[in-house]
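Each chain is listed here by its residues.
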Amino acid sequence: TAVAASMAVGVSAEGDLITIGYAQVGHESDWRTANTKNYEDVFSEENGYELSLIDCDNDNAKQLEAVRNFITQGMDYIVIAPIQSAGWDTVLQEAQDAGIPVIIADREIEADASMYDAWVGTAPYDEGVTAGNWLAEQLDGAEAKILQIEGSVGASAAIGRTDGFAEVMAEHSEWELLDSQSGDFTQDGGQAVMESFIKTYEGQFNVVVCQNDNEAYGAMDAMDAAGITYGVGGDVILISYDATHDGLQYTLDGKINLDVECNPIQAETVKGVIEQMEAGEDFEATTLITDEAFCAPGIESEFATTMTEEILAGRAY
Ligand code: GZL
Ligand code: ZN
């Protein structure tokens, strides 16, 4: 009969894989690459999942289109790492109307928490405060002329780090933020912004804050080209975020003074929430992925762990 046939078709070769649509920010940074690999490792067929990961190329319109396609395709779950914090209400309503649970991952959105089912991510504001507190501890009252290379405009990771660091800056009248521009979380962006900063502020600044490691690599290239020294023993204190492998190697080498971690290994946590949803159990609506901070050897700090070879060898990404 038709029913039996449809049942037979229902139990296809794929079995009953849970379908996941992941609207991924893009491929702008090493952090993002690590996050993507983590999702592909965790949401594997042998683990019972069929992952459709769409790289939205840091393009907000593409990300909204990817989510709408997931809704049309009838994904079991939709995960979104939002490029922008703003503009999510309409498409989240469409997902809710379609009865598809949505998990916001990595970054935050401005929509009301009732518009999605769970959130798993990190706390960029706290990361910014950590960077500020570490700097205040190291400067111990000395003047700071600061240049900041921000992440992607409108991204909660950039907004949070900017605001958290600004909270600490407000406590230090001996600090001055000379300029703050977006490098879009990319190495090319970091280099271009640093080159423009050097043209305007050469000889005036003693602190550079990059809101991710790839921007820091670009800034390092620009400072090298201009003969500006940075890191331990340099003229400029270099602060970065993400604590990816290469960033921590530079920190261990004393080229980066402080690298504030933001952990991209988040897929296991997201899978745990989905499994609870699948089982109809209570699930955590909000799960914070913990971060720490690492500073260069020779620097003792209350706000950061001094880097060692062992720490680097033990890192997951
Ligand atoms: C942080 C994440 C940011 C990283 C960047 O949670 O969203 O996006 O800091 C990445 O490296 O591009
Ligand atoms: Zn002070």
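Up top you'll find the structure we're talking about.
Residues numbered from 1 in each chain as written. Chains lettered and ligands numbered in written order. Predicted model: local features only at pLDDT ≥ 70, side-chain atom pairs only at ≥ 80, totals over all residues. Heavy atoms only, no water.

Quick notes on the site of ligand 1
Moving on, step 1. As a matter of local geometry, ligand 1 sits amid 13 residues, with E28, D106, R107, R161 and D242 nearest to it.
Moving on, step 2. R32 is positioned such that a nitrogen or oxygen atom in its side chain is 3.0 Å from an oxygen atom of ligand 1.
Moving on, step 3. Across the complex, the protein chains shield 99% of the 320 Å² of accessible surface that ligand 1 would expose by itself.
Moving on, step 4. Secondary-structure elements contributing two or more residues to the shell around ligand 1 are α2 (30-42) and α6 (156-169).
Moving on, step 5. Its residues assigned to classes, the shell around ligand 1 comprises four nonpolar, three polar and six charged. (Near = heavy atom within 4 Å. Polar contact = N/O pair within 3.5 Å; in protein donor to acceptor, adjacent residues only side chain to side chain. Areas by Shrake-Rupley, 256 points an atom, 1.4 Å probe, with all protein chains shown as cover. Helix = DSSP H or I, 4+ residues; strand = E, 2+ residues; numbered from the N terminus. Nonpolar A, V, L, I, M, F, W, Y, C, P; charged D, E, K, R; others polar.)

With respect to the nonpolar core
In globular proteins that are soluble, nonpolar side chains generally tend to be buried together.
Moving on, step 1. F43, I78 and L92 are the most contacted members of the largest nonpolar core, which totals 44 residues.
Moving on, step 2. For this core, the secondary structure elements donating two or more residues are β1 (18-24), α2, α3 (60-73), β3 (77-80), α4 (89-97), β4 (102-106), β5 (118-121) and α10 (267-278).
Moving on, step 3. In contact with F43, not counting residues within four places along its chain, are I20, Y49, L51, A267, V270, K271 and I274.
Moving on, step 4. Core analysis: the next-biggest nonpolar cluster, separate from the first, contains 24 residues, W134, A144, W175 and A296 among them. (Core = buried A, V, L, I, M, F, W, Y, C linked by side-chain atoms within 4.5 Å. Buried < 20%, exposed > 50% of the residue type's maximum accessible area, 1.4 Å probe, protein only. Contact = heavy atoms within 4.5 Å.)

As for the side chain of R107
Moving on, step 1. Following the sequence through the fold, R107 ends up in the loop between β4 and β5.
Moving on, step 2. By relative accessible area, which is 3% here, R107 ends up buried.
Moving on, step 3. In this view, R107 contacts V25, E28, R32, P82, I83, W119, A155, S156, A157 and F185; residues no more than four positions away in its chain are not counted.

Quick notes on the sheet that holds β1
Moving on, step 1. Overall, parallel pairing links the six strands, which are arranged β2-β1-β3-β4-β5-β11 in an open sheet. A single partner strand is all that each edge strand has here, and the edge strands are β2 (49-55) and β11 (286-288). For this sheet, the mean angle separating the axes of adjacent strands, direction not counted, is 15°.
Moving on, step 2. The sheet contact formed by β1 and β2 spans seven bridges and is parallel. Bridging across to β2, Q24 finds its partner in D55. (Pairing = 2+ DSSP bridges. Axes fitted to C-alpha atoms, helices over the stretch in contact; angles between N-to-C directions.)

Quick look at the pairing of β1
Moving on, step 1. Most of β1 sits inside the fold, with seven of its seven residues counted as buried.
Moving on, step 2. Residues I18, I20, Y22 and Q24 of β1 are buried on one face, and the alternating residues T19, G21 and A23, pointing to the opposite face, are buried as well.
Moving on, step 3. Tracing the backbone out of β1, into α2 and back to the parallel element β2 gives a crossover that is right-handed.
Moving on, step 4. One ladder, built from four bridges, connects β1 with β3; its direction is parallel. Across the sheet, the residue bridging to I20 is Y77, located in β3. (Right-handed = clockwise from strand over helix to strand, strands pointing away.)

What about the pattern of salt bridges?
Opposite charge on two side chains permits pairing when their charged atoms draw close.
Moving on, step 1. One pass over the structure, following the stated rule, counts eleven salt bridges.
Moving on, step 2. Note that D41 is salt-bridged to K37, the shortest N-O span being 2.6 Å. With D41 and K37 both in helix α2 and four residues apart, this pair spans about one turn of that helix.
Moving on, step 3. A salt bridge links E127 to R161, with the nearest nitrogen and oxygen atoms 2.7 Å apart. Placement of the pair is E127 in helix α5 (residues 124-139) and R161 in helix α6, with a sequence separation of 34 residues. Across the pair, R161 and E127 agree in class, each one buried.
Moving on, step 4. One network of salt bridges, in which partners are shared, links E28, R32, D106 and R107. (Salt bridge = Lys/Arg side-chain N within 4 Å of Asp/Glu carboxyl O.)

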